[in-house]
Amino acid sequence: MTHHENTALPMEYRTLQSRMNILGFWIFLGAEIVLFATLFGVYAVLYNRYAGGPTHQDLINIRDVMIQTVLLLTSSFTCGLAILQMRRGSRNGLIGWLVVTLLLGAGFLFMEINEFSHYIHEGATMQTSAFLSSFFVLLGTHGLHVTMGIGWAVLIIIQLLQRGLTPVTTRKTFIIGLYWHFLDVVWIFIYTFVYLKGLVI
């Protein structure tokens, strides 16, 4: 499809196939929004159903949560820098910032796993109460998405090393960038409506 390329556009948008794939991914993100909206809705209904078990105040360590937030939001910034390097035609710069992004994401996951382990050690499991069931499902779903995003980005880095910057590899990189920013936005809602709200209510 190279004869259909529009060289006036960024490389990831130059072919019709790439533009359609990016549009399709925006539609996919719409479905993801519905998924997380449903999980937030369930949590909103169940957040004070403690069944005699631990409450927000008993469990939440806001210092650790703030570190997680800084790690993930910083990864969104470095992801943006990666796309900027891609637009400048620097494969090495792109890969370098993608690696930094993934390391920050891995740090976030490491802290979340430790957080869950602490909760379980304190006797707070999904079976303890409706509140904890909705809490673990919401955060676990987000954590699973971050894990998949890291794996997905690693595969894209391998393709970039093998094939360089092409309309296909730049489109895939742009799409994983959209996905990563989406996960950061979801985390902002989790931080606000789960952690901060839990500390004051």
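Preceding this paragraph is the structure being described.
Described below are features of the structure shown in this document.

## Section: the overall build of the chain
Scanning the chain from terminus to terminus reveals six helices and zero strands. The secondary structure elements of the chain, listed N-terminal to C-terminal, are α-α-α-α-α-α. Counting only C-alpha atoms, the chain reaches 65 × 30 × 25 Å along its principal axes. Residue burial in the chain is summarised as follows: out of 201 residues, 45% are buried. Of the contacts made within the chain by residues no fewer than 6 positions apart, 79% connect residues no fewer than 24 positions apart. Split by element, the accessible area of the chain, about 10,000 Å² in all, is 69% carbon and sulfur. The chain carries 11 positive and 9 negative side-chain charges, and their two centres are separated by 15 Å.

## Brief notes about the pattern of salt bridges
Pairs may arise between side chains of opposite charge once their charged atoms sit close together. Summed over the entire model, instances satisfying the criterion amount to two salt bridges. Between E12 and R87 there is a salt bridge, and its shortest N-O distance comes to 2.5 Å. Of this pair, E12 sits in the segment before α1 (16-46) while R87 sits in helix α3 (residues 62-87), placing them 75 residues apart in sequence. Since its relative accessible area comes to 43%, R87 is described here as partly exposed.

## A short note on the packing of aromatic side chains
Counted by the stated rule, this structure contains 19 aromatic pairs. Both rings, one in Y119 and one in F135, keep their centres 5.6 Å apart while their planes meet at 65°; by these two values the pair is edge-to-face. Remark: F135 occurs in helix α5 (residues 130-163) and Y119 occurs in helix α4 (residues 91-121); sequence separation between them is 16 residues. With relative accessibility at 2%, the residue F135 sits in the buried group. An aromatic cluster is present here, built from Y43, Y47, Y50, F108, F116, Y119, F131, F135, F136, W187 and Y195 joined pairwise through their rings.

## Details of the packing of α4 against α5
In a packed pair of helices, the relevant descriptors are the angle between the two axes and the axis-to-axis distance. One can describe the packing of α4 onto α5 by two numbers: an axis separation of 10 Å at closest approach and a directional angle of 155°. Here α4 lies roughly antiparallel to α5, going by the angle between them. At the point where α4 passes α5, the crossing takes the left-handed sense.

What counts as what
- Residues numbered from 1 in each chain as written.
- Predicted model: local features only at pLDDT ≥ 70, side-chain atom pairs only at ≥ 80, totals over all residues.
- Heavy atoms only, no water.
- Helix = DSSP H or I, 4+ residues; strand = E, 2+ residues; numbered from the N terminus.
- Buried < 20%, exposed > 50% of the residue type's maximum accessible area, 1.4 Å probe, protein only.
- Contact = heavy atoms within 4.5 Å.
- Areas by Shrake-Rupley, 256 points an atom, 1.4 Å probe, with all protein chains shown as cover.
- Lys, Arg positive; Asp, Glu negative; His and termini not counted.
- Charge placed at Lys NZ, Arg CZ, Asp CG, Glu CD.
- Salt bridge = Lys/Arg side-chain N within 4 Å of Asp/Glu carboxyl O.
- Phe/Tyr/Trp six-rings, centres within 6.5 Å; stacked < 30°, edge-to-face > 60°.
- Axes fitted to C-alpha atoms, helices over the stretch in contact; angles between N-to-C directions.
- Parallel < 35°, antiparallel > 145°, perpendicular 65-115°, else oblique.
- Left-handed = near helix turned anticlockwise from the far one by under 90°.

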